[in-house]
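Descriptive structure summary
Each chain is listed here by its residues.
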Amino acid sequence: ARWFSDSEAVVSTQSTGVDIADGRSGKTLLCLELTKETTILDLKKMHIKEKPYLYPTRMTYKVSLKEKALPEETKIGDLDTFCDGSVLYFKDLGPQIGWSTVFFAEYIGPIFAYLTFYLARGYIYGATTPTTTIQNIACA
């Protein structure tokens, strides 16, 4: 039963069966009962109950394989083409790292590389070469 039309009177507790399919193979992974008030974040929480190794930042859902991922605040009732028996495509993005980790790795890497070349210049360039004032200041 289609319950997303504006012209129809809809009870908010009415639920519909939704298949969650793998975004790569199309194989059905889960069947869940959702209401039109269910958000994608709520859907992620339901999915996590079934697959505890997942976490919200690792998961995306799409209406079709070619569309963009749905934002977490999207309500199932806001999807125009959605009805009973519809399919949402799930994709596991894999383990995610935080931005602070990316920032740290991005900036500490060049510092260590410069320090390595400064301290091991005799092994790298052969003869002991004198350091310049700029090199001494940079490694201070």
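Described in the following lines is the structure provided in the data block. (Residues numbered from 1 in each chain as written. Predicted model: local features only at pLDDT ≥ 70, side-chain atom pairs only at ≥ 80, totals over all residues. Heavy atoms only, no water.)

**Looking at the sheet that holds strand β3 (residues 59-62)**
Read from one edge of the open sheet, four strands run β2-β1-β4-β3, paired in mixed fashion. Edge positions in the open sheet fall to β2 (28-35) and β3, since each of these has one partner strand only. Neighbouring strand axes in the sheet, compared pairwise and without regard to direction, differ in orientation by 30 degrees on average. Two elements, strand β1 (residues 15-22) and β2, share seven bridges in a ladder whose sense is antiparallel. By the bridge assignment for β2, G17 is matched with E33. (Pairing = 2+ DSSP bridges. Helix = DSSP H or I, 4+ residues; strand = E, 2+ residues; numbered from the N terminus. Axes fitted to C-alpha atoms, helices over the stretch in contact; angles between N-to-C directions.)

**Here we look at the side chain of H47**
By the element assignment, H47 lies in helix α1 (residues 40-50). The class for H47 is buried, based on a relative accessible area of 1%. A distance of 2.6 Å separates polar atoms of two side chains, one belonging to H47 and the other to Y61. When near neighbours in sequence (up to four residues on either side) are disregarded, H47 contacts I20, L30, L54, M59, Y61 and F90. (Buried < 20%, exposed > 50% of the residue type's maximum accessible area, 1.4 Å probe, protein only. Polar contact = N/O pair within 3.5 Å; in protein donor to acceptor, adjacent residues only side chain to side chain. Contact = heavy atoms within 4.5 Å.)

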